[in-house]
Amino acid sequence: MTNTKRSVTGTAPLLGTRALNRATLDRQLLLRPARLSVAAAVEHLLGLQAQNVKPPYYALAARLDGFAPEALSRLMADREAVRIVTMRSTIHTHTAEDCLTLRPLVQPARDRELVTFRKGLAGVDLDRLAGLARDLVEAEPRTMAQLREALLQEWPDADPQALAVAARCRLPLVQVTPRGLWGQSGQVRLTTAEHWLGRPSRPATTPDATVLRYLAAFGPASVRDMQAWAGMTRLRDAFERLRPRLVTFRDETGAELFDLPDAPRPDPETPAPPRFLPEFDNLLLSHADRTRVVPPEYRGRSWQGNLAHCTLLVDGFLAGLWRLEEDALVIEPFERLARDRRDEVTAEGERMLRVMHPGSSYDIRFGVVRG
């Protein structure tokens, strides 16, 4: 059921923070283990944040019933899923189909990113650079260092880093395996998505279609929320075109929220089990207003400089950090947990360890509460 108290202005029903939290957790497959295939889950979630190798695996372990890391690894080995820079100029794990359609959608944002490097690219013909870089990486997957060195031979006065970034922005470069496979290691080596997947890029998916998918995975949400998720601007027109097909709400600040009419909006008091999320989980990064998951008093607590911590959800909200040490799962709540909550967190930690590290022995320790 939905918390539908009318807003002060009377223009749309009000969704309180807990109602938004439960709706988003449901879409994110975090209220109960989902019985989906790995491919279906990655598609539904529009990809998984993947700056590091392990986060996508832990993200799925928190969401799927019966998940095994080898299932995602097998998808990547079979080239049915790939690691590529897409939303927010960050690496995501996508299905092959989404790689070929979502990357063209965000290409304008990648083009704008190059403005930052314009001084280092003075005199560089970017079309020629893209063509040369494509020939290089399709002849043999290259590291960024190898790509820089090869492009410097053509433009010796350019900034080496800017040349490599330009290639990454202009081309859909995927990280080839074994990089990204569970339990394996490998340098980041790049080739084009078309070459790796053996088929051409598809026409970019329309903004309208992506709005509907975003709402299914992250809604209810505002235009600013989706723009924050995508790293794109000027999405208002797409929402306005879709307005007759959507329902609208207001959050506690008065911001307009859009949603799919039949999407789940559970009762705000629906139980939300503890969840252990990896660093960079999309749940914490995909809204302009993150208070639906991050209490204001904990804002910024999951980051330190450029380092993101693994996060713990309790009752659906950010409540602490966790890390794996050599022999222990260390849990650091921001506030002291009641005994029943602590028992629930311990049980979820044990489940996560069985899924991700079967046969291993880890103690579970509660660290010093962070002030």
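Look above for the structure.
Small disclaimer: the values here were computed from a predicted structure and weren't measured.

(A) Local environment of the sheet that holds strand S3 (residues 91-95). The strand order across the open sheet built from five strands is S1-S3-S2-S4-S5, with neighbouring strands paired in antiparallel fashion. A single partner strand is all that each edge strand has here, and the edge strands are strand S1 (48-49) and strand S5 (190-192). Bridge count between strand S2 (residues 81-85) and S3: five bridges; the pairing is antiparallel. Counterpart to Arg83 in the pairing with S3 is Thr93. Strands in contact with helix H7 (residues 126-139) are strand S4 (173-175) and S5; relative to S5, the strand with the most contacts, it is inclined by about 115 degrees.

(B) Molecular detail of the nonpolar core. Among the nonpolar cores identified, the biggest contains 33 residues, and Val38, Leu60, Leu64, Phe67, Phe276, Met352 and Met356 are the most heavily contacted of them. Setting aside chain neighbours within four positions, we find Val38 in contact with Leu60, Leu64, Phe67, Ala71, Leu72 and Leu75. Grouped together as the second largest cluster of nonpolar side chains are 26 residues, Leu102, Leu215, Ala217 and Leu242 included.

(C) Geometry of the pattern of salt bridges. For the coordinates displayed, the defined rule picks out 29 salt bridges. Put simply, Arg236 and Glu256 hold a salt bridge, and the shortest N to O gap is 3.9 Å. In this pair, Arg236 is assigned in helix H13 (residues 236-242) and Glu256 in strand S7 (residues 256-259), connecting sequence segments 20 residues apart. For Arg236, a relative accessible area of 38% corresponds to the partly exposed category. For Arg323, the salt bridge identified is with Glu325, shortest N-O distance 3.0 Å. Residue classification places Arg323 among the partly exposed positions, given a relative accessible area of 35%.

Conventions used here
- Residues numbered from 1 in each chain as written.
- Predicted model: local features only at pLDDT ≥ 70, side-chain atom pairs only at ≥ 80, totals over all residues.
- Heavy atoms only, no water.
- Pairing = 2+ DSSP bridges.
- Helix = DSSP H or I, 4+ residues; strand = E, 2+ residues; numbered from the N terminus.
- Contact = heavy atoms within 4.5 Å.
- Axes fitted to C-alpha atoms, helices over the stretch in contact; angles between N-to-C directions.
- Core = buried A, V, L, I, M, F, W, Y, C linked by side-chain atoms within 4.5 Å.
- Buried < 20%, exposed > 50% of the residue type's maximum accessible area, 1.4 Å probe, protein only.
- Salt bridge = Lys/Arg side-chain N within 4 Å of Asp/Glu carboxyl O.

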